[in-house]
Amino acid sequence: SAVISQKPSRDICQRGTSLTIQCQVDSQVTMMFWYRQQPGQSLTLIATANQGSEATYESGFVIDKFPISRPNLTFSTLTVSNMSPEDSSIYLCSATSLSSYNEQFFGPGTRLTVL
Amino acid sequence: AQKVTQAQTEISVVEKEDVTLDCVYETRDTTYYLFWYKQPPSGELVFLIRRNSFDEQNEISGRYSWNFQKSTSSFNFTITASQVVDSAVYFCALSGAITGGGNKLTFGTGTQLKVEL
């Protein structure tokens, strides 16, 4: 299995600012994803992070609000831009490993509160 | 479109009771994968099981067992002799075949399990 770490683990931010979340995997993975979990809710896929190219966004999510980078096979970032209180959520990075297709592992999440 | 339904929002049991968490799914894919994840109060998602659509054999892992029935599009999860440490939110999830959009997971709304002494 892959071990996934995220930084920061939590943050409290002011309205209108931006936060970049980092996701690091300890082994090469095929696909990386970013999910959002709003308080008391299920997980919703934001986008697939593609290595060396633009991320693929799900309906309702746009690049200007959630720019994503994936410069190599083991690292990705998600930026939450121009934040509002509605962006308060847990943001989770996930990945599928080369050795175990379709077995998806998750990072510990970043708990974001926007005031 | 894919959909996962977990009709039970919250379940409370007394320790040592058996409990079954229901999961019903919808998909047009002929090849798909079903998952269960556990989310304890600390927030991380813990992978429990993956099952592909061609394997309908039930699986048992310690106190955990899973019943996959394609005929009813269900993938239910049973915890035998529940313990307080089983208290968590449990998510059922579905993904399509790798070539059909990859491993994007569609999650159910989760079932909050509370195990009391």
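The rules behind these values
Within any chain, residue numbers begin from 1 and follow the written order of that chain's sequence. Here the convention is simple: chains get letters from A, ligands get numbers from 1, in the order in which they are written. Local features in this predicted model are restricted to residues whose pLDDT is 70 or higher, and side-chain atom pairs enter the listing and the counts only when it is 80 or higher, whereas totals over whole chains, interfaces and linings include all residues. Hydrogens and water are ignored here; the side-chain numbers use all heavy atoms of the structure. Helix numbers and strand numbers start at the N terminus; a helix is a DSSP run of H or I with at least 4 residues, a strand a run of E with at least 2. To get the radius of gyration, use the C-alpha atoms; to get the globule rule, take the number of residues to the power 0.38 and multiply by 2.2 Å. Remark: exposure states derive from per-residue accessible area (1.4 Å probe, protein chains only) relative to the maximum for the residue type, with buried under 20%, exposed over 50%, and partly exposed in between. In what follows, a contact means two residues having at least one pair of non-hydrogen atoms within 4.5 Å. Per-residue and other accessible areas follow the Shrake-Rupley method at a 1.4 Å probe size, with only the shown protein chains counted as cover for residues. We define a salt bridge as a side-chain nitrogen of Lys or Arg found within 4 Å of a carboxyl oxygen belonging to Asp or Glu. Cysteine sulfurs are considered disulfide-paired once they come within 2.5 Å of each other. What qualifies as a polar contact is a pair of N or O atoms within 3.5 Å, subject to a donor-acceptor requirement within protein and to the restriction that residues adjacent in sequence count only when both atoms come from side chains. Buried surface area refers to the total accessible area, computed with a probe of radius 1.4 Å, that the two partners give up upon joining, counted for both partners together. Residue polarity follows a fixed list, in which Ala, Val, Leu, Ile, Met, Phe, Trp, Tyr, Cys and Pro are nonpolar, Asp, Glu, Lys and Arg are charged, and the others, Gly among them, are polar. By convention, a stacked pair of Phe, Tyr or Trp rings (six-membered ring in the case of Trp) has centres within 6.5 Å and planes under 30 degrees apart, an edge-to-face pair has planes over 60 apart, and any other such pair is tilted.

1. Some words on the overall build of chain B
Okay, so step 1: Helices and strands together make up the secondary structure of chain B, namely zero helices and twelve strands.
Okay, so step 2: Each helix and strand of chain B, placed in order from N terminus to C terminus, yields the pattern β-β-β-β-β-β-β-β-β-β-β-β.
Okay, so step 3: Computed over C-alpha atoms, the radius of gyration of chain B comes to 14 Å, within 12% of the 13 Å expected from 2.2 N^0.38 for 117 residues, which places it in the range of a compact globule.
Okay, so step 4: Expressed as a percentage of its 117 residues, the buried residues of chain B come to 47%.
Okay, so step 5: Pairs at least 24 apart in sequence give 56% of the contacts found in chain B among residues at least 6 apart.
Okay, so step 6: Accessible surface, chain B as shown: approximately 5700 Å² in total, 48% of it carbon and sulfur.

2. Re the pattern of salt bridges
All names here are of chain B.
Okay, so step 1: Taken as a whole, this structure holds six salt bridges over all chains when the rule is applied.
Okay, so step 2: Across the salt bridge formed by K114 and E10, the nearest N and O atoms sit 3.5 Å from each other. Residue K114 is found in strand 12 (residues 111-116), and its partner E10 is found in strand 2 (residues 10-14); the two are separated by 104 residues along the sequence.
Okay, so step 3: The partner of D55 in a salt bridge is R51, and the shortest N-O contact between them spans 2.8 Å.
Okay, so step 4: Residue classification places R51 among the buried residues on the basis of a relative accessible area of 6%.
Okay, so step 5: What emerges from the salt-bridge pattern is a single network uniting R51, D55 and E59.

3. Re the state of the cysteines
All names here are of chain A.
Okay, so step 1: In this structure the tally under the stated criterion is two disulfides over all chains.
Okay, so step 2: Put simply, C23 and C93 are joined by a disulfide, and their sulfur atoms are 1.9 Å apart. Handedness of the C23-C93 disulfide follows from its S-S torsion of about -65°: it is left-handed. Residue C23 is found in strand 3 (residues 19-25), and its partner C93 is found in strand 9 (residues 89-97); the two are separated by 70 residues along the sequence.

4. Remarks on the side chain of A:Q37
Okay, so step 1: Position of A:Q37 relative to the elements: it lies in strand 4 (residues 29-37).
Okay, so step 2: On the accessibility criterion, A:Q37 (7% relative accessible area) is buried.
Okay, so step 3: Polar contacts involving the side chain of A:Q37 include one to the side chain of B:Q39, which spans 2.8 Å.
Okay, so step 4: When residues no more than four places from it in sequence are discounted, the contact partners of A:Q37 are A:S42, A:L43, A:S89, A:I90, A:L92, B:Q39 and B:F91.

5. What to know about the interface of chain B and chain A
Okay, so step 1: The interface is formed by 21 residues belonging to chain B together with 21 residues belonging to chain A.
Okay, so step 2: On the chain B side of the interface with chain A, the three residues burying the most area are B:L45, B:N103 and B:K104, jointly 32% of the side's total.
Okay, so step 3: Here B:K104 makes a salt bridge to A:E58, at a shortest N to O gap of 3.3 Å.
Okay, so step 4: Our enumeration of links across chain B and chain A arrives at five residue pairs in polar contact (both at pLDDT 80 or more).
Okay, so step 5: In terms of residue count, the dominant contributor to the side of chain B that touches chain A is strand 5 (residues 32-39) of chain B (four residues).
Okay, so step 6: Of the residues in the side of chain B that touches chain A, the class split is nine nonpolar, nine polar and three charged.

6. Here's the deal with the packing of aromatic side chains
Each pair of aromatic rings is reported with the distance of its centres and the angle of its planes.
Okay, so step 1: In the structure shown here, the tally under the stated rule is 21 aromatic pairs over all chains.
Okay, so step 2: Relative to B:Y37, the ring of A:F106 lies with its centre 5.2 Å away and its plane at 85°, an arrangement referred to as edge-to-face. Pair noted here: A:F106 is in strand 10 (residues 104-106) and B:Y37 is in strand 5, and the two residues belong to different chains. Residues A:F106 and B:Y37 agree in their burial class; the two are buried.
Okay, so step 3: In textbook terms, an aromatic cluster arises when at least three aromatic residues are bridged by ring pairs, as seen for A:F33, A:Y35, A:F105, A:F106, B:F35, B:Y37, B:F47, B:F91 and B:F107.

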